[in-house]
Amino acid sequence: MKRTRIALACTTAALLFSPALAMAAPQVVVSIKPVHSLVASIMKGVGEPTLIVEGAASPHTYNLKPSNARALENADVVFWVGHGVEAFLEKPLEALPAKAKVVELEDAPGLVKLPFREGGAFEGHDHGEHEHDEHAHSEEGHDHAKEGHDHAEEAGHTGEKHAAEEHEEHGGTDMHLWLDPANAKAMAAEIASTLIEVDPDNKALYAANAKALDSEIDALDAEIAATVAPVADKPFVVFHDAYQYFEKRYKVRVAGSVTVSPETMPGAERLSQIRAKIVELKAGCVFAEPQFESKLIAVVTEGTDAKSGTLDPEGGALTEGPELYPQLMRNLATSMAECLSK
């Protein structure tokens, strides 16, 4: 019996002073699901990050909850994309204690950034010399922007104009950065580097997880390219212009968006223009998003041959965790392929 007690005491002491358990995992808070998925992958075996925008909520319309505020107060690290996605976090992050390290992933080294396109009704895009040209849009887009300015007193135009102005205030960058796997890899590298800096005791585990994630994303990239290749030349319309990173990566043909920004509902003239664009280009599908009003899709497809589908660029309908990011990307590819091949 005495020997048993001694053995148990030794085992307990060994566990208590084990390097893996001696230091508590850092308290990590993440803004949105796609980023949370990357962070959770890199933290496997160390701890689990806390997600702010849960469920089907959208960062475009989110209001911070008391539980979110408490999580931020206790955080050692906070990962967010930046002002253009999680505007609701700007003031809370400014008020955080000095101990919290705030990482704005839009500043991660190696990211490819694309400018916002002007207006919602844009032509099929040239993937050549104008691919990264901030001012590359159709003559119709110019005319529409001018009309929007000239008739700003109309509710629809006013909202669209304000949305465009907001985009300019945030540097004119499209912030749906994660929809290009190359950007996801750059963000993951920055996440791993930050966690190693904050928690060097777990450096080897973070590094191994980051390497595994890098390989997983490479395989995912090849899988998605193969999925969408058969329908890449078929035009389609999206609810809002959130997909150009995916579009540029895989050369799919987004012909236009119903609205400039999901916070702003389009006016009647915008809807008429989109319907005309669908007919003109014989767009095969118009895609809704789960967080926003889908009745608009029925309005713009009425009297056309276009089918309807759903794209979920933020993973609102998916369960949070390490598997969310690859599932989000696969779902985008599968939805496009299935709708456009009918």
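What counts and what doesn't
Residues numbered from 1 in each chain as written. Predicted model: local features only at pLDDT ≥ 70, side-chain atom pairs only at ≥ 80, totals over all residues. Heavy atoms only, no water. Helix = DSSP H or I, 4+ residues; strand = E, 2+ residues; numbered from the N terminus. Buried < 20%, exposed > 50% of the residue type's maximum accessible area, 1.4 Å probe, protein only. Lys, Arg positive; Asp, Glu negative; His and termini not counted. Salt bridge = Lys/Arg side-chain N within 4 Å of Asp/Glu carboxyl O. Polar contact = N/O pair within 3.5 Å; in protein donor to acceptor, adjacent residues only side chain to side chain. Contact = heavy atoms within 4.5 Å. Pairing = 2+ DSSP bridges. Axes fitted to C-alpha atoms, helices over the stretch in contact; angles between N-to-C directions. Phe/Tyr/Trp six-rings, centres within 6.5 Å; stacked < 30°, edge-to-face > 60°. Parallel < 35°, antiparallel > 145°, perpendicular 65-115°, else oblique. Nonpolar A, V, L, I, M, F, W, Y, C, P; charged D, E, K, R; others polar. Expected span 1.5 Å × (residues − 1). Arc of directions from axis to C-beta. Disulfide = S-S within 2.5 Å.

Caption draft 1: Local environment of the side chain of Lys33. Along the polypeptide, Lys33 turns up in helix α3 (residues 33–42). There is no salt bridge for the buried Lys33, and the closest opposite charge comes from Glu320, which lies 5.9 Å off by N-O distance. At 3.2 Å, the side chain of Lys33 forms a polar contact with the backbone oxygen of Gly315. Of the polar contacts made by the side chain of Lys33, one reaches the backbone oxygen of Gly316; its length is 3.3 Å. Aside from chain neighbours lying at most four places away, what touches Lys33 is Leu51, Val53, Glu54, Gly55, Glu314, Gly315, Gly316, Leu318 and Leu324.

Caption draft 2: Geometry of unusual backbone geometry. In the Ramachandran plot, Lys251 falls in the positive-phi region, its phi being about 60° despite a non-glycine side chain. Its location among the elements puts Lys251 in the loop between α10 (244–250) and β6 (254–259). With a phi close to 55°, Lys282 is a non-glycine residue in the positive phi region. Look at Lys282 and you get exposed, because its relative accessible area is 71%.

Caption draft 3: Just the sheet that holds strand β4 (residues 101–104), in detail. In space, the 4 strands of this open sheet follow the order β2-β1-β3-β4, with parallel pairing throughout. In the strand order of this sheet, the two ends are held by β2 (50–51) and β4, each with one partner. Sheet contacts for α3: β1 (28–30), β2 and β3 (77–80); angle to β1, the most-contacted strand, approximately 150°.

Caption draft 4: Spotlight on the pattern of salt bridges. Throughout the structure, instances matching the rule amount to 11 salt bridges. The partner of Lys113 in a salt bridge is Glu106, and the shortest N-O contact between them spans 3.9 Å. Classification of Glu106 by relative accessible area gives buried; the value is 12%. Arg117 serves as the salt-bridge partner of Asp241, at 2.7 Å between the closest nitrogen and oxygen. Here Asp241, found in the loop between β5 (236–240) and α10, pairs with Arg117, found in the loop between β4 and α6 (139–150); they are 124 residues apart in sequence, far enough to count as distant. No difference in accessibility class separates Asp241 from Arg117, as the two residues are buried. Connected through shared salt-bridge partners, Arg117, Asp241 and Glu247 make up one network.

Caption draft 5: A look at the sheet that holds β6. The 4 strands are arranged β6-β5-β7-β8 in an open sheet whose pairing can be described as parallel. Two strands lie at the open edges of the sheet, namely β6 and β8 (307–310), each paired on one side alone. Adjacent strand axes in the sheet meet at a mean angle of 25°, parallel and antiparallel pairs treated alike. Both strand β7 (residues 285–288) and β8 contribute to a ladder of 4 bridges, which runs parallel. Note that in β8 the partner of Cys285 across the bridge is Lys307.

Caption draft 6: A look at the packing of aromatic side chains. For the coordinates displayed, the defined rule picks out 3 aromatic pairs. Ring geometry for Phe246 against Tyr250: centres 4.8 Å apart, planes inclined by 55°, an arrangement best described as tilted. One end of the pair is Phe246 and the other is Tyr250, both in helix α10 and 4 residues apart, which spans about a single turn. The burial state of Phe246 is the same as that of Tyr250; both residues are buried.

Caption draft 7: Structural view of the packing of α3 against helix α9 (residues 203–228). Taken N-terminus to C-terminus, the directions of α3 and α9 make an angle of 130°; their axes are 8 Å apart at the nearest point. Comparing the axis directions of α3 and α9 gives the class oblique. Here Leu38, Ser41 and Ile42 of α3 come into contact with α9, specifically with Tyr206, Asn209, Ala210, Leu213 and Ile217. Looking at side-chain class alone, the contact of α3 with α9 contains 6 nonpolar, 2 polar and no charged residues.

Caption draft 8: Quick look at the environment of Gln291. Tracing the backbone shows Gln291 in the loop between β7 and α12 (295–301). Accessibility expressed as a relative area gives 18% for Gln291, which makes it buried. Separated by 26 residues in the primary sequence, Gln291 and Ala317 have C-alpha atoms spaced 8.7 Å apart. When near neighbours in sequence (up to four residues on either side) are disregarded, Gln291 contacts Ala56, Ala57, Ser58, Asp312, Glu314 and Gly316.

Caption draft 9: Geometry of helix α11 (residues 268–281). Its 14 residues give α11 an end-to-end C-alpha distance of 20 Å, which sits within 8% of 20 Å, the value for a rise of 1.5 Å per residue. If you check which residues of α11 are buried, you get Arg270, Leu271, Gln273, Ile274, Lys277, Ile278 and Leu281. One side of α11 carries all its buried residues, which in axial view fall inside an arc of 160°. Facing away from the buried side of α11 by over 90 degrees, the exposed positions are Ala268 and Glu280. Backbone geometry just after α11 places Lys282 at a positive phi near 55°.

Caption draft 10: Inspection of the state of the cysteines at higher detail. Scanning the entire structure with this criterion turns up 1 disulfide. There is a disulfide in this structure between Cys285 and Cys339, and the S-S distance comes to 2.0 Å. Given an S-S torsion of about -110°, the disulfide between Cys285 and Cys339 has left-handed geometry. Of the two residues, Cys285 is situated in strand β7 and Cys339 in helix α13 (residues 324–340); the sequence distance between them amounts to 54 residues.

All we've got here are geometric facts, nothing functional implied.
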